[in-house]
Amino acid sequence: MDTIYAEATPSGRGGVSVVRLSGPEARAIGEAIAGPLPEARRAELRLLRDGEQIDRALVIRFDGGSSFTGEPVVEFHLHGAPVIVRRLERALRDHGARIAEAGEFTRRALLNGSLALSEVEALSDLLSAESEAQRQQAMKIVSGDLARWTGMLRDRLVRAGALIEASLDFADEDVPEEVPAEVFDLLARVRQDIGIAIAGYPAAERLRAGFEVAIVGPPNAGKSSLLNRIAQRELALVSEIAGTTRDVIELHTELGGLAVTFLDTAGLRETRDMVEGMGVERARARASAADIRVHLSEDGQAISELLRDGDLVVRTKADLGGPGVSAVTGAGVREMLDEIRNRLAGQVAGAGMITRQRQAQALEDAARVLDVHPDQPAEVLAEAVRAASHRLGEVVGRIAPDDYLDEIFSSFCIGK
Ligand SMILES: Nc1nc2c(ncn2[C@@H]2O[C@H](COP(=O)(O)OP(=O)(O)O)[C@@H](O)[C@H]2O)c(=O)[nH]1
Ligand SMILES: [Mg+2]
């Protein structure tokens, strides 16, 4: 196993730059550059040298088993300047370390069992979180809630397994011992909890992915103007000519803690213009896939072919008289956004900790193998309990196919 290094802080000038060194030679290389290292997990100032003086830096040593990667790690907290970082990195290379790949520290943490697969997945979500709700959701898993929950279910299975084994041990050849009722009670409770968790998956997945809200309506309703009002800048072209908007224009934003993408779409109408027609088709497709549609018009009519439960029907150009919103004055826009936010929050109210298909699948498998008839022989029950426990272990997981890991780590940066 190579000893790897990378700058853990963003490169550039700052208060401090942290360079992390991890691997079997970390301690030896650290000592060659910093002299005797401080006690584990204690920060001390050292003069770093490599033929010449490099920097005075805080040095922290972590031993294998109690570091982020699970390997011996040395961290150097340098003065924050790229030239200092580059000079130290050269010294590390000269002592045999190599630069880490993107996500390689985390990959080692997974390999060495100091992070579970679900924690790595959540870490990737945390790093790409754009909203408060996404951050909170990822943080729950990073802090181990999912691992604790599956651990609790597995404890129940262990207890059930022990009860089954005991009944097997005492079974008389002729009179098979009854499997105690507590076993079926335990298994039923595990299946029930799994059912609840799976039911919360679609909502949690949507929270993780973020929401789409499409603004639809006839040409010239003021859709692009409303998008610009929400964006507080001129994102979309506005004109009094019908058919101005053709592509779908996206505004990524955070709405009361939720990640929301607003879509401005081409006005829906029959058209002979081929390009506008393509825009209309695109508008229909994106709008019907969105989580909510805002039907915008001057007369308060919805586009009936796209109207679904939970959509908003909004009158606009209220500044010209009548109720509704106005993109010109901004009247009513705040209230409309609050309403959208509440409806989206309502859609994810039951969000649980299961955020990925992979986890939901493992849970479904566990529930399925536990679905055994009480009349089955004790050996069959015991095997079902073992198999279910194994599936539950996969939810949190240590191993995963390489291509799955490659995909996850591709979103990490070097130094993570
Ligand atoms: N008075 C008034 N005019 C508006 C409002 N919103 C849009 N408009 C005007 O309506 C026309 C069409 O606007 P636009 O945003 O391009 O509509 P779209 O085709 O639905 O995207 C433009 O001339 C806008 O200036 C509004 O709230 N009040
Ligand atoms: Mg438009």
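Cut-offs applied
Residues numbered from 1 in each chain as written. Chains lettered and ligands numbered in written order. Predicted model: local features only at pLDDT ≥ 70, side-chain atom pairs only at ≥ 80, totals over all residues. Heavy atoms only, no water. UniProt positions renumbered as here; feature names shortened; annotations may be inferred. Donors = N, O, S within 2.8 Å, 3.2 Å for Na, K, Ca; no water. Helix = DSSP H or I, 4+ residues; strand = E, 2+ residues; numbered from the N terminus. Buried < 20%, exposed > 50% of the residue type's maximum accessible area, 1.4 Å probe, protein only. Phe/Tyr/Trp six-rings, centres within 6.5 Å; stacked < 30°, edge-to-face > 60°. Lys NZ or Arg CZ within 6 Å of the ring centre and 35° of its normal. Near = heavy atom within 4 Å. Polar contact = N/O pair within 3.5 Å; in protein donor to acceptor, adjacent residues only side chain to side chain. Nonpolar A, V, L, I, M, F, W, Y, C, P; charged D, E, K, R; others polar. Domains from an automatic or database assignment. Contact = heavy atoms within 4.5 Å.

As annotated in an unreviewed UniProt entry, the chain is tRNA modification GTPase MnmE from Paracoccus salipaludis. If you open the UniProt record of the chain and go to Subcellular location (unreviewed entry), you find "Cytoplasm". Note on the chain: under the UniProt heading Sequence similarities (unreviewed entry), the record states "Belongs to the TRAFAC class TrmE-Era-EngA-EngB-Septin-like GTPase superfamily. TrmE GTPase family."

**A word on the coordination of the magnesium ion (ligand 2)**
The reference angle at a metal is 109.5 degrees if four donors form a tetrahedron and 90 or 180 degrees if six donors form an octahedron. Ligation of the magnesium ion (ligand 2) by protein atoms is provided by Ser 224 (OG) and Thr 245 (OG1), these donors lying 2.0 to 2.1 Å from the ion. One end of the pair, Ser 224, is in helix α9 (residues 223-231); the other, Thr 245, is in the loop between α9 and β8 (249-255), and 21 residues separate them in sequence. Exposure remark for Ser 224: the relative accessible area of 8% places this residue in the buried category. Given a relative accessible area of 12%, Thr 245 falls into the buried group.

**Some thoughts on the packing of aromatic side chains**
Summed over the entire model, instances satisfying the criterion amount to 1 aromatic pair. Residues Phe 409 and Phe 412 carry aromatic rings whose centres are separated by 5.3 Å and whose planes lie at 70° to one another, so their mutual orientation is edge-to-face. You'll find Phe 409 and Phe 412 in the same group, each marked buried. Residue placement shows Arg 20 over the ring face of Phe 105; its charged tip is 4.9 Å from the ring centre.

**Digging into the site of ligand 1**
As a matter of local geometry, ligand 1 sits amid 18 residues, with Gly 222, Lys 223, Ser 225, Asp 319 and Ala 327 nearest to it. Note that an oxygen atom of ligand 1 is positioned 3.2 Å from one of the backbone N or O atoms of Ala 221. Ala 327 places a polar main-chain atom, nitrogen or oxygen, 2.8 Å from an oxygen atom of ligand 1. When grouped by side-chain class, the residues that make up the shell around ligand 1 number 6 nonpolar, 8 polar and 4 charged.

**Re the domain arrangement of the chain**
Domains assigned within the chain are domain 1 (4-111), domain 2 (119-200 + 354-399) and domain 3 (208-347). Domain 1 and domain 2 are separated by 40 Å when their C-alpha centres are compared.

**A short note on the UniProt feature "binding site: K(+)" (unreviewed entry) in the chain**
Mapped onto the present numbering, the UniProt feature "binding site: K(+)" (unreviewed entry) falls on Asn 220, Ser 239, Ile 241 and Thr 244. Taken together, the annotated residues stretch across 25 residues yet fold into one region, lying no more than 8.5 Å apart by C-alpha. Here Asn 220 lies in the loop between β7 (211-216) and α9. The exposure class assigned to Asn 220 is partly exposed, which follows from its relative accessible area of 31%. Those residues in contact with Asn 220 that sit more than four places away from it in its chain are Ser 239, Glu 240, Ile 241, Ala 242, Glu 298 and Lys 317. There is a polar contact of 3.0 Å between the side chain of Asn 220 and the backbone oxygen of Glu 240. Mapped onto the elements of the fold, Ile 241 is located in the loop between α9 and β8.

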